[in-house]
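# Descriptive analysis of the structure
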Amino acid sequence: MPSTPDIQKLRQLCVELRQTVLRMIAKAGSGHPGGSLSMVELLVGLYWHALRHDSKRPDWPQRDLFFLSKGHGCPILYAVLAFCGYFPKEELMTLRRYPTRLQGHPERGSVPGIEISSGSLGQGLSMANGVALADRLDGRLRRIYCLMGDGEIQEGQVWEAAMTSHHHRLDSVCAIIDANQLQQNGPVKSIQDIEPLADKWRAFGWHAIEIDGHDLKAVLSAYDEAATIQGRPQVIIARTVKGKGVSFMELNPAWHGVAPKPDELDRALKELQQAGIHSS
Amino acid sequence: MENKPTRDGFGEGLLELGQTHPNVVALSGDLEDSARAVWFKQRYPDRFFSVGIAEQDMIGTAAGLALAGKIPFACSFSQFVTGKTLEQLRMAVCYQNLNVKIAGSHGGLSVGADGATAEALEELAHMRTLPHMTVIVPCDVLEAKKATIACADYPGPVFLRLGRSPVPILTTEQDSYRIGQATVMRPGDDVTIIGCGLMVAHALQAAQQLAQEDIQARVINCHTIKPLDVQTLLRAAKETGAVVTAEEHTLLGGLGSAVAELLTQNHPVPMRFVGVQDRFGTSGDPSDLLRVFHLMPEDIVSATRQVLQVKPATLSSRQPAKHS
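Everything numeric here is computed off the predicted structure, so don't read it as measured data.

Calculation notes
Residues numbered from 1 in each chain as written. Chains lettered and ligands numbered in written order. Predicted model: local features only at pLDDT ≥ 70, side-chain atom pairs only at ≥ 80, totals over all residues. pLDDT = per-residue confidence, 0-100. Helix = DSSP H or I, 4+ residues; strand = E, 2+ residues; numbered from the N terminus. Pairing = 2+ DSSP bridges. Axes fitted to C-alpha atoms, helices over the stretch in contact; angles between N-to-C directions. Contact = placed C-beta atoms within 7 Å. Nonpolar A, V, L, I, M, F, W, Y, C, P; charged D, E, K, R; others polar. Buried ≥ 20, exposed ≤ 12 C-beta atoms within 10 Å, placed from the backbone. Parallel < 35°, antiparallel > 145°, perpendicular 65-115°, else oblique. Left-handed = near helix turned anticlockwise from the far one by under 90°. Domains from an automatic or database assignment. Expected span 1.5 Å × (residues − 1).

### Some points on the confidence of the model for chain A
When pLDDT is averaged across chain A, the result is 96; 98% of the residues are at 70 or more. Of all secondary-structure elements in chain A, the lowest mean pLDDT belongs to helix H10 (residues 262–279) of chain A, at 91, while strand E3 (residues 173–179) of chain A reaches the highest, 99.

Right, dumping it as structure tokens:
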């Protein structure tokens, strides 16, 4: 965990991760690019700043935990884990193809660093609560982060779990909502409106922090703020753009679960490269 | 001996585990009194978690506790803890192969007056199809206690199906118990009756009745429906040549189906199935319901007579000496 993160370096890292994810999904021929691209900064902020972890000791009992509840976003998690050294980067290109360890939705323990299986939406927060309750019994001090999609929180289990986190005052639990505005069949707003998000979580007893999820500085300080909150769980509501960084994917529902074709991949990679140059 | 419900055995077993296994914790969806986990809750309040009437979250929370090294027992009515939660049991518990124990009280028709919505009649089928899941239906209070204690040291997901109604005590404190090892409750070589739960008592009564007609029925208590005790069941099929199964559960996908899957591929013999037809339960006194749904000893007797009519004569004529 760098004490003073070099934002410029992290930004460059985000570009490389986005490019990697697109290459992975293009090679696989299927996958969910939009929901991976929207949470790049959120994961970079975690793995290069907030999360206490060590890729050389993936089973370290005192490590913080990251649960990806929106399992379809796993390409970016795989990429992040490989960049952190949990497994070889070359393996990323095996995504979704038998006999890969990198399934289309993550399987716990398939590669070091994947802490839970997910893919059936709405289940991660309950598991995070369970770990937090066990940690409290055992006097283990660590944080458990659980990232969900905005469409995902339409699942009723999420709100059952939200009540449990609050009832048991699980302040080691930090939920992250990748509010990228779209779900499979269109805008979240038109399919089943979930707003006002922050008010809802506050009404459930949570400490809510609302940020621009692509603003790295805001992401880092949201994690810092959340870690200081005692006596209640925290939620970071990250306003993001599905498909972020690729103009023709941004906020386009068609890119929820489609792989880019070779020419589309080329265009996307070039766009990201250009943007990366301009930002540094 | 006094009849007792199997849920009491679960409560007693859990209480004992509280003492012997510091990592055992319990959860309930506001039914800990019914499921008898309340005894554990009173003794170990810090290790008991109520999640409210929210079974899906309960299973997910149990999975999280197991991820962090605990041995959680999640309990509720059998219908709710398996039905509402099938997806959570599938992904969070079974796919991750976590050490979560599920206790379903009020299984079967013997819930009685509460009626169809609370009467779990399909859950053995649901649980049996989940990879990694072990499925246990104890026959009496003592076996329920032993099964509860045994599953704490049996890694992986386990489903325990328990009953609300008092049932006869068929086993003794001294009887050994092993998950996956069926018990021959009565010897016999003419036909085998394989039961689970309260139907084991009915099978024994049926066997007594059949003995008066000079039919010696072997009665097997198949308390573990998954994994099946292949050896004991195959030997019984080979030695008796005809099988009747008996369960307080739909005929689709439960004990009878499991036994048929085994025998048809390895040693096919004529079979008959006693269980609930493809229908829901209803309100009533448990003993009346068992009669209405044809789960009584006499129903097992008539199924046995039927199967003996189609049992190949060659086998019948090679029957070994009758047991006295």
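### Let's talk about the sheet that holds E3 of chain A
All names here are of chain A. Strand order in this open sheet of five strands is E1-E2-E3-E7-E6, and the pairing throughout is parallel. Edge positions in the sheet fall to strand E1 (65–68) and strand E6 (207–212), since each has one partner strand and no second. Within this sheet the neighbouring strands show an average axis-to-axis angle of 20°, counted without direction. Pairing of E1 with strand E2 (residues 144–149) involves four bridges; the strand directions are parallel. The residue bridging Phe-67 from the neighbouring strand is Cys-146, located in E2.

### Notes on the interface of chain B and chain A
Note: interface size is frequently given as the accessible area lost on complex formation between the parts. Listed as interface residues are 24 residues of chain B and, on the opposing side, 20 residues of chain A. Of all the secondary structure elements, the ones that give two or more residues to the side of chain B that touches chain A are helix H4 (55–67) and helix H6 (86–95) of chain B. For the side of chain B that touches chain A, the element with the most residues is H4 of chain B, which contributes nine residues. Here the side of chain B that touches chain A is composed, by residue class, of eleven nonpolar, eight polar and five charged.

### Looking at the environment of Thr-82 of chain B
All names here are of chain B. One can find Thr-82 in helix H5 (residues 78–83). Given 26 C-beta atoms within 10 Å, Thr-82 falls into the buried group. Note: C-alpha distance between Thr-82 and Glu-55 (27 residues apart in sequence) is 8.9 Å. Residues contacting Thr-82, with those up to four places away along its chain left out, are Leu-89, Ile-102, Gly-104, Ala-120, Glu-123, His-126, Met-127 and Phe-159.

### A word on unusual backbone geometry
Residues other than glycine predominantly adopt negative phi, and peptide bonds predominantly adopt the trans conformation. The omega torsion across Tyr-98 of chain A and Pro-99 of chain A is 0°, close enough to zero to call that bond cis. For Pro-99 of chain A, the position within the fold is in the loop between helix H4 (74–84) and helix H5 (124–138). Here the amide bond leading from Glu-195 of chain A into Pro-196 of chain A is cis, since omega sits at 0°, within 30 degrees of zero. Looking at the element boundaries, Pro-196 of chain A is found in the loop between helix H7 (188–191) and helix H8 (197–203). Positive phi, close to 70°, is recorded for Arg-36 of chain B, a residue that is not glycine. Mapping Arg-36 of chain B onto the fold places it in the loop between helix H2 (32–35) and helix H3 (38–43). Its identity as a non-glycine residue notwithstanding, His-294 of chain B has a phi of 60°, on the positive side. Topologically, His-294 of chain B is positioned in the loop between helix H12 (286–292) and helix H13 (297–310).

### With respect to the confidence of the model for chain B
Of all residues in chain B, 96% have pLDDT values of 70 or greater, and the mean over the chain is 96. Within chain B, the element-level pLDDT minimum falls on helix H14 (residues 313–317) of chain B, averaging 58, and the maximum on strand E8 (residues 191–195) of chain B, averaging 99.

### Details of the packing of H5 of chain A against H4 of chain B
Between H5 of chain A and H4 of chain B, the least distance of the axes is 6 Å, while the angle of their chain directions is 50°. Overall, the two elements H5 of chain A and H4 of chain B adopt an arrangement that is oblique. Crossing handedness for the pair H5 of chain A and H4 of chain B: right-handed. Residue-level contacts link Ser-126, Met-127, Ala-128, Asn-129, Gly-130, Val-131, Leu-133 and Ala-134 of chain A of H5 of chain A to Asp-57, Gly-60, Thr-61, Ala-62, Ala-63, Gly-64, Leu-65 and Leu-67 of chain B of H4 of chain B. By residue class, the composition of the contact of H5 of chain A with H4 of chain B is nine nonpolar, six polar and one charged.

### Some thoughts on the domain arrangement of chain B
Residue and element names in this part refer to chain B. Examined at the domain level, chain B breaks down into domain 1 (6–161) and domain 2 (183–317). Facing the 23 residues of domain 1 at the interface are 30 residues of domain 2. Those elements that place two or more of their residues in the side of domain 1 that touches domain 2 are helix H7 (123–128), strand E5 (134–136) and helix H8 (141–152). Taken together, the residues of the side of domain 1 that touches domain 2 sort by class into 13 nonpolar, five polar and five charged.

### Here's the deal with helix H11 (residues 255–266) of chain B
Residues and elements named next belong to chain B. A rise of 1.5 Å per residue sets the reference length of H11, with its twelve residues, at 16 Å; its end C-alpha atoms lie 17 Å apart and thus fit the reference within 8%. Taken residue by residue, H11 has Leu-255, Gly-256, Ser-257, Ala-258 and Val-259 as its buried positions. On the buried face of H11, the contacting elements are H7, E8, strand E10 (224–226), helix H10 (230–240), strand E11 (243–250) and strand E12 (271–276).

### Digging into the packing of helix H1 (residues 7–28) of chain A against helix H3 (residues 40–50) of chain A
Residue and element names in this part refer to chain A. The contact between H1 and H3 brings their axes to 10 Å, and the two run at 125°. With respect to H3, the axis of H1 lies oblique. Crossing handedness for the pair H1 and H3: right-handed. Counted together, Leu-10, Leu-13, Cys-14, Leu-17 and Arg-18 of H1 and Val-40, Glu-41, Val-44 and Trp-48 of H3 form the full contact between these two elements.

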